[in-house]
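Residue-level structural notes
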Amino acid sequence: MEKKQIRTAGSAKREATPIRSASFRLSFAAIFAIVLLAYGLQRFPPDLDDFFSPGTLICLAASLALATVLVRNLDTLYQLLTSARFAVVLVLFIGIATIIGTFVLQKAEPADYREYYGAGLSSLFNALFLTDVFHSLWFNCLLGVTAICLLLVIVKRKPFSPLQWGFLFSHLGVLLILAGALVGTVKGSRGAINLTEGTRRDRMVLLDGGSSTGEMMALGFGLQLDEFQVDHYPGKYRIYAYREKESPEKEENPYRIIASFAISEAREKKKIPGTDIHFRVTEETLEPKSSAEERTAHRLVLTASRREWEVEVGEGLDLGDGWHAMINNFFPHLSYDSARKEIINLSEVPVNPTLLLTLSRGSESRVLWLFSNAPDTPMMRGGEIEGMPFLHYVYDSSWKSPSVQLELETPGGKSSSHLRTQPFPPLVLEEGRTVLALGKREGEVKEYRSLVSLWKNGAEFRKDTIAVNNPLEQDGYMFYQADFNPEDLTYSGILVVSDPGLSIVYAGFILLSLGVIWTVYIKPRIIARKARSRS
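Residues numbered from 1 in each chain as written. Predicted model: local features only at pLDDT ≥ 70, side-chain atom pairs only at ≥ 80, totals over all residues. Heavy atoms only, no water.

The number of helices and strands found in the protein chain is nine helices and 26 strands. The proportion of buried residues among the 535 residues of the protein chain is 34%. Pairs at least 24 residues apart make up 54% of the contacts formed inside the protein chain by residues separated by at least 6 positions. As presented, the protein chain carries roughly 32,400 Å² of accessible surface, and 56% of it is formed by carbon and sulfur atoms. (Helix = DSSP H or I, 4+ residues; strand = E, 2+ residues; numbered from the N terminus. Buried < 20%, exposed > 50% of the residue type's maximum accessible area, 1.4 Å probe, protein only. Contact = heavy atoms within 4.5 Å. Areas by Shrake-Rupley, 256 points an atom, 1.4 Å probe, with all protein chains shown as cover.)

Read from one edge of the open sheet, four strands run E6-E7-E18-E19, paired in antiparallel fashion. Looking at strand neighbours, the two that pair on one side only are strand E6 (270–271) and strand E19 (413–420), the edges of this open sheet. Two strands pair when backbone bridges link them, and strand E7 (residues 278–285) and strand E18 (residues 403–410) are joined in this way by seven bridges, in the antiparallel orientation. Within E18, the residue paired with Arg 280 across the bridge is Glu 407. (Pairing = 2+ DSSP bridges.)

On to the packing of aromatic side chains, then. According to the stated counting rule, one finds 21 aromatic pairs in the structure shown. On the basis of an interplanar angle of 90° and a centroid distance of 6.5 Å, the ring pair of Phe 221 and Phe 461 is categorised as edge-to-face. Of the two residues, Phe 221 sits in strand E3 (residues 211–232) while Phe 461 sits in strand E23 (residues 459–467), which places them 240 residues apart along the sequence. By relative accessible area, which is 3% here, Phe 221 ends up buried. (Phe/Tyr/Trp six-rings, centres within 6.5 Å; stacked < 30°, edge-to-face > 60°.)

Below, the discussion takes up the environment of Phe 169. Tracing the backbone through its elements, the reader meets Phe 169 in helix H8 (residues 165–187). Accessibility expressed as a relative area gives 17% for Phe 169, which makes it buried. In sequence terms Phe 169 and Ser 513 are 344 residues apart; their C-alpha atoms lie 8.3 Å from each other. Contact partners of Phe 169, with chain neighbours within four places excluded, come to Leu 511, Leu 512, Leu 514, Gly 515 and Trp 518.

We now examine helix H6 (residues 110–127). In this model H6 runs just 13 Å from its N-terminal to its C-terminal C-alpha over 18 residues, more than 12% under the 26 Å that 1.5 Å per residue would give. Among all positions of H6, only Tyr 113, Ser 122 and Phe 125 are buried. Positive backbone phi, approximately 60°, marks Phe 129, located one or two places after H6. (Expected span 1.5 Å × (residues − 1).)

With that out of the way, let us pick up the sheet that holds E23. Judged by pairing direction, the sheet is antiparallel, and its eight strands sit side by side in the order E23-E22-E3-E2-E1-E26-E25-E24 without closing on themselves. Looking along the sheet, the strands with just one partner apiece sit at the ends: E23 and strand E24 (472–474). Neighbour to neighbour, the strand axes of the sheet diverge by 40° on average, direction disregarded. One ladder, built from seven bridges, connects strand E2 (residues 200–208) with E3; its direction is antiparallel. When the bridges of E3 are listed, Arg 200 appears paired with Gln 224. (Axes fitted to C-alpha atoms, helices over the stretch in contact; angles between N-to-C directions.)

Moving on, we come to the confidence of the model for the protein chain. Summary statistics for the protein chain give a mean pLDDT of 83 and a share of 89% for residues scoring 70 or more. When the criterion is pLDDT under 50, residues 1–22 qualifies, and its contacts beyond four places in sequence or with other chains add up to eleven contacts. (pLDDT = per-residue confidence, 0-100.)

Moving on, we come to unusual backbone geometry. Although it is not a glycine, Lys 158 sits at a positive phi angle of roughly 50°. When you line up the elements, Lys 158 lands in the loop between helix H7 (137–157) and H8. The residue Asp 321 is not glycine, and still its phi comes out positive at about 55°. Position of Asp 321 relative to the elements: it lies in the loop between strand E10 (316–320) and strand E11 (323–331).

So, on to the pairing of strand E14 (residues 354–361). A regular strand carries its side chains on alternate faces of the sheet. Most of E14 sits inside the fold, with six of its eight residues counted as buried. By the bridge criterion, seven bridges tie E11 to E14 in an arrangement that is antiparallel. Looking across to E14, one finds that Met 326 is bridged to Thr 358. Of the pairings in the sheet, the one linking E14 to strand E15 (residues 364–371) comprises eight bridges and is antiparallel in character. Considered in E15, the bridge of Thr 354 is made with Phe 371.

Let us now look at the pattern of salt bridges. Evaluation of the coordinates by the stated rule reveals 13 salt bridges. Here Arg 280 makes a salt bridge to Glu 407, at a shortest N to O gap of 3.1 Å. Linking Arg 280 in strand E7 with Glu 407 in strand E18, this pair joins segments that are 127 residues apart in sequence. Classification of Arg 280 as partly exposed rests on a relative accessible area of 30%. Among the residues examined, Glu 407 registers a relative accessible area of 24% and is labelled partly exposed. (Salt bridge = Lys/Arg side-chain N within 4 Å of Asp/Glu carboxyl O.)

Moving on to the environment of Asn 457. Structurally, Asn 457 is set in the loop between strand E22 (445–456) and E23. Given a relative accessible area of 80%, Asn 457 falls into the exposed group. C-alpha of Asn 457 to C-alpha of Gly 222: the two residues are 235 residues apart in sequence and 9.0 Å apart in space.

Turning to the nonpolar core, a few remarks are in order. Judged by nonpolar contacts, the single largest core of 21 residues is most densely connected at Ile 31, Phe 86, Leu 90, Trp 138 and Leu 142. For this core, the secondary structure elements donating two or more residues are helix H2 (24–43), helix H4 (74–81), helix H5 (84–103) and H7. Top contributing element to this core by residue count: H5, with six residues. Residues contacting Phe 86, with those up to four places away along its chain left out, are Ser 27, Ala 30, Ile 31, Leu 80, Leu 81, Val 145 and Cys 149. (Core = buried A, V, L, I, M, F, W, Y, C linked by side-chain atoms within 4.5 Å.)

Moving on: the environment of Val 520. Counting through the fold element by element, Val 520 comes out in helix H9 (residues 502–534). Each C-alpha atom, one on Val 520 and one on Gly 166, is 8.5 Å from the other, the two residues being 354 residues apart in sequence.

Within the fold, Ser 136 resides in the loop between H6 and H7. Residue Ser 136 is classed as buried on the basis of its relative accessible area, which comes to 1%. At a separation of 2.6 Å, a polar atom in the side chain of Ser 136 contacts the main-chain carbonyl oxygen of Val 133. Not counting the four nearest positions on each side in its chain, Ser 136 is found in contact with Gln 42 and Phe 129. (Polar contact = N/O pair within 3.5 Å; in protein donor to acceptor, adjacent residues only side chain to side chain.)

Okay, structure coming up:
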């Protein structure tokens, strides 16, 4: 009988404690219902002119459900919102949302989503408002519920004694941070100002995400770009890796750059991203000879006798057996223009050294093209003359283009290759899917800044500089250096942000820090002092 009474008393105690209402299952269901309701309201906004619209019906059903809970289960709702289990589930939902907002592109162009995620996933992200998580109604409802829970916990705990001030300060700090974020979302604005040197603007174009709304907003003062400055990195040779795009036939440039390697770093083995190819630099010649050091020699070698002559353009040569050669022209970079249907020289760089000569004996003659890169395949006008000597052309020059010697490791084994700068062709791998090129990107931008002046009532009242990571603050507006045009270095793109909730957020962080300091350092000292006074 006694055991039965004890069990009954224990059961009564458990019933008095709202464990069921504070269970993880109920917490999850409640928070999921809040997210689902907020999603429905954002997907189907209420239409006050149409009572039977989906948004209006959802809003009405939510209001009736909330009223029912408040009337019939107010105490249960209070216990649920102030329970630790509800807080854990709520933080879990917010954490998952934050992870999604971090790893999924936010406020990007539709084409970017299709390129990165494909048509199916991009449509799903857009339907669930995952492309702007932190401004979605369901995420802000989670933050709102968090604020309500914090406020109710403060009311429940009544932390007004000095020993509990750390708890009070930290919870009030988080409340202020959430309130500041809400104020910034509702009252804040983002805009853009495009300036060229000497122009002044007193209005900004409002932005929604990254796109212009076409609406203008007055600043209350004028911003003038006095000078735009750009700093460049010194040009250094690098090895650039390119990968063929998914649909190269639809692209103007079928390749995209996937990596670049400094020559000094590439002396250690490097892997080309997305491939099974490794390479390393074994030798480098990055400084070409100056023109004063150049010495070019054209050598003709008679195959049969191995006789050799050094010749110049315009010079005649007696080959023996009545044969005579006249050196007509030299083409360092021979090519063929299919549009004009003629042979042309593309540059003075010896990419395809070619010698044009006339070979004759008596009344018979032939025009020959001798290629240094393909000495065994001369090109001739007319048929071969009986007994005509066979000549090799050797191009000898001290001119050296910047180049590196590579050791390659592919699934097929090891090999070596010579990589030179343009106009020499790049190194093509994997049947054209991967390309390595040696180049120096002259003038890569290191930093850019806008030297501006602020004007009001026709008078200048401030001069300052806007740079990347160094914004300008004026009258509650933050001006960020956001853009420039490499083809017009007098242009500057300025991003303007107004966030009236920022000071509230700062105050919240100060209170939160104070709460931590109070809990960790001050509270133990108060407890120790009280213990000493008792003893």
